[in-house]
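Residue strings, one per chain:
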Amino acid sequence: MAEPAHAVGEDGTSPAPQSHGVFVSSLMLTDFRSYSRTKITPTGDHPLVVLAGPNGAGKTNVLEALSYLAPGRGLRRAPLDEVTRQTAPGPWAVAATLALEGDDVRIGTGLEGNMGEGATRRLVRIDGEAVSSTNLLGDRWSVTWLTPQMDRLFIEGPSARRRFLDRMVLGLYPDHSRQVGAYERVMRERNRLLSDKGMGADMAWVSALETRMAEHAVAVAIARLDFAGQLAGQLEAADESPFPRAELAIDGWLEGLIAEGMAAVEAESAYREKLMSLRARDARSGRASEGVHKTDLIVTHAPKGMRGELCSTGEQKALLIALVLANAKLQAAQKGQAPLMLLDEVAAHLDESRREALFEALSKLGSQCWLTGTDRELFTGLEGRAEFFDVRDGQIQPLHT
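Only a predicted model underlies this, so the values are computations on that prediction, with no experimental measurement involved. Here, residues in each chain are numbered from 1, in the same order as that chain's written sequence. Note on the predicted model: pLDDT of at least 70 is required for a residue's local features to be given, and 80 or more for side-chain atom pairs to be given and counted; whole-chain, interface and lining totals, by contrast, use all residues. To obtain the side-chain values, all non-hydrogen atoms of the structure were included, while hydrogens and water were left out.

Some remarks on helix α6 (residues 264-277)
Here comes step 1: Secondary structure is summarised from DSSP: a helix means a run of H or I of at least four residues, a strand means a run of E of at least two, and numbering begins at the N terminus for each. Expected span of a helix: the number of residues minus one, times 1.5 Å. Between its first and last C-alpha, α6 extends 20 Å over 14 residues, near the 20 Å set by a 1.5 Å rise per residue.
Here comes step 2: Buried within α6 we find A267, E268, A270, Y271 and L275. The buried residues of α6 all sit within an arc of 165 degrees when viewed along its axis, so they share a single face. In this structure, α6 carries V265, E273 and S277 as exposed residues pointing more than 90 degrees from its buried face.
Here comes step 3: Only heavy atoms matter for contacts: two residues are in contact if any of them lie within 4.5 Å across the pair. Check the buried side of α6 and you find it contacts α3 (176-197), α4 (203-237), α5 (253-259) and α7 (279-285). Each residue is assigned to one of three classes by its accessible area relative to the maximum for its type, calculated with a 1.4 Å probe on protein chains only: buried under 20%, partly exposed between the two thresholds, exposed over 50%. It is the directions from the helix axis to the C-beta atoms whose arc is reported.

Structure follows, in structure tokens:
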């Protein structure tokens, strides 16, 4: 069981370098969800792109396609073979051109192989060259998103908050997803070995796996703590706004040791000993009972001194937006580049003052932001400040205002 949450310190923020931004200048979807083949070409005249249309028209599908320009499983976390349009003759594909730091970068990604033949691997090409890992998508740009499903972040289990944290960490530390993935793969191998063989397993091999787990776990924990400290500084330095200031804490056994000053090499040794002491329990349960896969992110509504799960639905939404905005501003300050932002139905449950504050903040970030909504009236205040597209009947058309 994890120790009590460890408060994250704040280190302030440095002056922001000039932000170059990330802009999508073209997006092509082929056999992706509801689209057989469609292309969107924003002009880039405005940083905000609004997709407006009725429920079920395919707005979120566009954001999901954009989320595949980042490492990972996309904003829906769907199995790759489920993304392909029903009755499609071939697997799905997404092609995009990013205007990035004065360059045009061409990205292609999609499902490998032929339909019905077990096509499950995702391929990625950057400027026509195949790359070995989706992790390389995070080297020069990042993508972040907020969806209606994430509104339950504070009242669901720790896994959703941990994924949310790791997605934000990835924006500053592109290697983070590789470390998390490596840790989880080695952990699964240890779990299988102990589950199948119990304490009769080859303990030399178990020890080797635990050593690798400890190395990756400490790298993950350090990145989380360092990022959370920087984000705390960004939140503390933020101007007054309708979105409440959030306080962060990382609740995890290993993160706790490091936060208290333990050196990385000593933390690796401590975690190896912990894993060794838990072998019998883990063999019975078939899972590792301690590690960075158990970590939780604790968010507190600072003005009220109230943990996120105890806040009202509206306050929880405002806290989420505060975190997403702070993360984008932190990336702009540290990297000179804010992330590409994908916000699905974000304005639907905000009052007018919070909507305007959100639109104003997004306009100033320096990167493109895609927003969706069923109610066109929610975006009335963006006339002349955003590019609008009408989405309906499987078609996406520029909407001139």
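Concerning the environment of A338
Here comes step 1: Within the secondary structure, A338 is located in the loop between α8 (313-335) and β13 (340-343).
Here comes step 2: Sequence separation between A338 and S367 is 29 residues, and the spatial gap between their C-alpha atoms is 5.6 Å.

So, α4
Here comes step 1: Its 35 residues give α4 an end-to-end C-alpha distance of 50 Å, which sits within 8% of 51 Å, the value for a rise of 1.5 Å per residue.
Here comes step 2: What qualifies as a polar contact is a pair of N or O atoms within 3.5 Å, subject to a donor-acceptor requirement within protein and to the restriction that residues adjacent in sequence count only when both atoms come from side chains. One side-chain oxygen of the residue at the start of α4 lies 3.0 Å from the amide nitrogen of A204, identifying that residue as D202.

A closer look at the UniProt feature "binding site: ATP" (unreviewed entry) in the protein
Here comes step 1: UniProt positions are given in the numbering used here, feature names are shortened, and annotations may be inferred rather than shown by experiment. The UniProt record marks G53, P54, N55, G56, A57, G58, K59 and T60 with the feature "binding site: ATP" (unreviewed entry), using the residue numbering of this structure.
Here comes step 2: With respect to the element layout, G56 can be found in the loop between β4 (48-52) and α1 (59-67).
Here comes step 3: As for its position among the elements, G58 is in the loop between β4 and α1.
Here comes step 4: In this structure G58 touches S34, Y35 and V391, once residues within four positions along its chain are discounted.

Describing the environment of F154
Here comes step 1: Of note, F154 is situated in the loop between β9 (143-146) and α2 (158-172).
Here comes step 2: Judged by its relative accessible area of 4%, F154 falls in the buried class.
Here comes step 3: Between the C-alpha atom of F154 and that of E266, which follows or precedes it by 112 residues, the distance is 33 Å.

Details of unusual backbone geometry
It is generally the case that most residues other than glycine have a negative phi and that most peptide bonds are trans.
Here comes step 1: The phi dihedral of D31 is positive, around 50 degrees, even though this residue is not glycine.
Here comes step 2: Within the secondary structure, D31 sits in strand β2 (residues 22-32).
Here comes step 3: With phi around 50 degrees, E345 is a residue other than glycine that occupies positive phi space.
Here comes step 4: Since its relative accessible area comes to 17%, E345 is described here as buried.

A closer look at the nonpolar core
Here comes step 1: The criterion is simple. A nonpolar core is a set of buried Ala, Val, Leu, Ile, Met, Phe, Trp, Tyr and Cys residues joined through side-chain atoms within 4.5 Å. Counting 122 residues, the largest nonpolar core has W141, L254, L362, W370 and L371 as the members making the most contacts within it.
Here comes step 2: Considering each element in turn, this core owes the most residues, 14 residues, to α4.
Here comes step 3: For L362, the residues in contact, after removing those within four places along its chain, are L48, L325, M341, L343, S367, C369 and L371.

Details of the sheet that holds strand β14 (residues 369-373)
Here comes step 1: When DSSP finds two or more bridges between two strands, those strands count as paired. Strand order in the open sheet made by the 6 strands is β9-β13-β14-β4-β15-β16, with mixed pairing throughout. Where the open sheet ends on each side, the last strands, each with one partner, are β9 and β16 (395-399). Across this sheet, the average inter-strand angle for adjacent strands is 20 degrees, counted without regard to direction.
Here comes step 2: In this sheet, strand β15 (residues 386-392) lies alongside β4 in parallel orientation, the contact comprising 5 bridges. Note that in β15 the partner of V50 across the bridge is F388.
Here comes step 3: All axes here are fitted lines through C-alpha atoms, helices being fitted over the stretch that makes contact, and every angle between N-to-C directions spans 0 to 180 degrees. Seen against the sheet, α1 touches β4, β9, β13, β14, β15 and β16 and runs at an angle of roughly 155 degrees to β14.

Section: the sheet that holds β2
Here comes step 1: Overall, antiparallel pairing links the 6 strands, which are arranged β3-β2-β5-β6-β7-β8 in an open sheet. Looking at strand neighbours, the two that pair on one side only are β3 (35-40) and β8 (129-130), the edges of this open sheet.
Here comes step 2: For strand β7 (residues 122-126) and β8, the ladder comprises 2 bridges, and the chain directions are antiparallel. Note on β8: the bridge partner recorded for I126 is E129.
Here comes step 3: Across the face of the sheet, α1 comes into contact with β2, β3 and β5 (93-100) while running at roughly 110 degrees to β2.

Some thoughts on the pairing of strand β11 (residues 296-301)
Here comes step 1: In terms of burial, β11 is largely enclosed, as 6 of its 6 residues are buried.
Here comes step 2: Where strand β10 (residues 246-251) meets β11, 6 bridges bridge the pair, whose relative direction is antiparallel. When the sheet's bridge partners are listed, A246 is paired in β11 with H301.
Here comes step 3: Of the strand pairs in this sheet, β11 and strand β12 (residues 306-307) are connected by 2 bridges, and their pairing is antiparallel. Along β12, the bridge assignment pairs H301 with M306.
Here comes step 4: Joining the antiparallel neighbours β11 and β12 is a turn of 4 residues, in which G305 adopts a positive phi near 60 degrees.

Quick word on the packing of aromatic side chains
Here comes step 1: Pairing of aromatic rings covers Phe, Tyr and Trp, the last counted by its six-membered ring, and requires centre-to-centre distances within 6.5 Å; plane angles under 30 degrees mean stacked, over 60 mean edge-to-face, and any other angle means tilted. For the structure on display, the rule yields 5 aromatic pairs.
Here comes step 2: Centroid distance F32 to Y68: 6.1 Å. Interplanar angle 75 degrees. Geometry classified as edge-to-face. In this pair, F32 is assigned in strand β2 and Y68 in the loop between α1 and β5, connecting sequence segments 36 residues apart.
Here comes step 3: A relative accessible area of 0% places F32 in the buried class.
Here comes step 4: Of the residues examined, Y68 reaches a relative accessible area of 0% and is grouped as buried.

Observations regarding the environment of T84
Here comes step 1: Secondary-structure assignment places T84 in the loop between α1 and β5.
Here comes step 2: With 49 residues separating them in the primary sequence, T84 and Y35 have C-alpha atoms 9.2 Å apart.
Here comes step 3: Among the polar contacts made by the side chain of T84, one reaches the main-chain amide nitrogen of W92 at a distance of 3.4 Å.

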